[in-house]
Amino acid sequence: MARDLGEEKIGKGEFYAYVTVFVAANLFFVAFLVGLEPLIYVPAWLELADKGLAILFILATLALGYQENKRGDGKRFWYRFISLGFPIAIITTVPLIIAISIFVIMGLIDINAFGYIDLLLAIPFYILGLYLTVKYMRVAAGGTA
């Protein structure tokens, strides 16, 4: 798909489908970011660290993806960024299911550890998303993986 984006082979209909998935996934992410866990006590500093880290990685992903696109042909950054979000979400689905399972099991063992486990399990996904975005943006911009 990254090569197709670089060669501008993605049609408008396919792009709109990716935009819909991108928006839905981000709304889902934002719902968790603002906190849908009112029944579990998590210290304020830990929630702040979790949200701060999420925002930091979002900005880093945008900046490094933009830089990689600029280093290549520099065309249609947002088009590529949004379109690449779908395959990246597919790639990370299995690791995400495993992480959620670990999260639930560890939380059942010690309910007070929910906030810490959430933060520790989120970091590898932030790094994976950052890595995959930069890698595929490089390919879409005319470079090599």
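Residues numbered from 1 in each chain as written. Predicted model: local features only at pLDDT ≥ 70, side-chain atom pairs only at ≥ 80, totals over all residues. Heavy atoms only, no water.

**Student:** When you look at the overall build of the chain in this model, what are you seeing that I'm missing?
**Tutor:** Looking only at helices and strands, one finds six helices and zero strands in the chain. Along the chain, helices (α) and strands (β) appear in the sequence α-α-α-α-α-α when read from the amino end. Relative to its 145 residues, the chain shows a buried fraction of 30%. Considering only contacts within the chain whose residues lie at least 6 apart along the sequence, 74% involve residues at least 24 apart. (Helix = DSSP H or I, 4+ residues; strand = E, 2+ residues; numbered from the N terminus. Buried < 20%, exposed > 50% of the residue type's maximum accessible area, 1.4 Å probe, protein only. Contact = heavy atoms within 4.5 Å.)

**Student:** Sorry if this is basic, but what is going on with the packing of aromatic side chains here?
**Tutor:** The relative placement of two aromatic rings is captured by the distance of their centres and the angle of their planes. This structure, assessed with the given rule, holds six aromatic pairs. Taken together, a centroid distance of 5.5 Å and an interplanar angle of 35° make the contact between Y18 and F86 tilted. Placement of Y18 in helix α2 (residues 12-34) and of F86 in helix α4 (residues 77-91) is noted, with a sequence separation of 68 residues between them. F86 sits in the partly exposed class, given a relative accessible area of 31%. Where F57 meets Y126, the ring centres are 5.4 Å apart and the plane angle is 25°; that geometry is what we call stacked. With F57 in helix α3 (residues 44-71) and Y126 in helix α6 (residues 114-140), the pair connects residues that are 69 residues apart, well separated along the chain. (Phe/Tyr/Trp six-rings, centres within 6.5 Å; stacked < 30°, edge-to-face > 60°.)

**Student:** How should I be thinking about the side chain of T92 in this particular structure?
**Tutor:** Tracing the sequence through the fold places T92 in the loop between α4 and α5 (93-109). Note on T92: relative accessible area 14%, which makes it buried. If sequence neighbours within four positions are ignored, T92 has contacts with F125, L128 and L132.

**Student:** I keep staring at α4 and nothing clicks. Help me out?
**Tutor:** Because each turn of an α-helix spans 3.6 residues, side chains separated by three or four positions end up pointing in the same direction. Along its 15 residues, α4 runs 21 Å from first to last C-alpha, staying within 8% of the 21 Å computed at 1.5 Å per residue. Along its length, α4 shows its largest kink, about 25°, at G85, and proline P87 lies within four residues downstream of that point. Within the sequence span of α4, burial applies to F77, Y79, R80, F81, I82, S83, L84 and I88. (Expected span 1.5 Å × (residues − 1). Bend = angle between axes of the 7 residues up to and from the residue.)

**Student:** Explain the environment of D50 to me, please; I cannot follow it from the model alone.
**Tutor:** Along the polypeptide, D50 turns up in helix α3. What makes D50 buried here is its relative accessible area of 15%. On a C-alpha basis, the gap between D50 and Y116 in space is 9.0 Å, while along the polypeptide they are 66 residues apart. Here D50 is in contact with D118, L119, A122 and Y126, once residues within four sequence places are set aside.

**Student:** Explain the nonpolar core here, please?
**Tutor:** Within soluble globular proteins, side chains that are nonpolar generally end up buried alongside one another. One finds L5, I10, F15, Y79, L84 and M137 to be the most contacted residues of the largest nonpolar core, which totals 13 residues. Looking at this core, the element that brings in the most residues is α4, giving six residues. The contacts of M137, once residues within four sequence positions are left out, are G65, E68, N69, F77, R80, F81 and L84. Counting residues in hydrophobic clusters, the runner-up holds nine residues, among them V42, F57, A122 and L130. (Core = buried A, V, L, I, M, F, W, Y, C linked by side-chain atoms within 4.5 Å.)

**Student:** Looking at this structure, I do not really get the pattern of salt bridges. What am I missing?
**Tutor:** Two side chains of opposite charge can pair, provided their charged atoms sit close to one another. The final tally for this structure, using the stated rule, is three salt bridges. The network of salt bridges with shared partners includes E68, R71 and R138. (Salt bridge = Lys/Arg side-chain N within 4 Å of Asp/Glu carboxyl O.)

**Student:** Help me understand unusual backbone geometry, please; the structure alone is not making it clear to me.
**Tutor:** Most peptide bonds adopt trans geometry, and most residues besides glycine take a negative phi value. Despite not being glycine, R76 shows a phi value in the positive range, around 45°. The residue R76 is located in the loop between α3 and α4 in this model.

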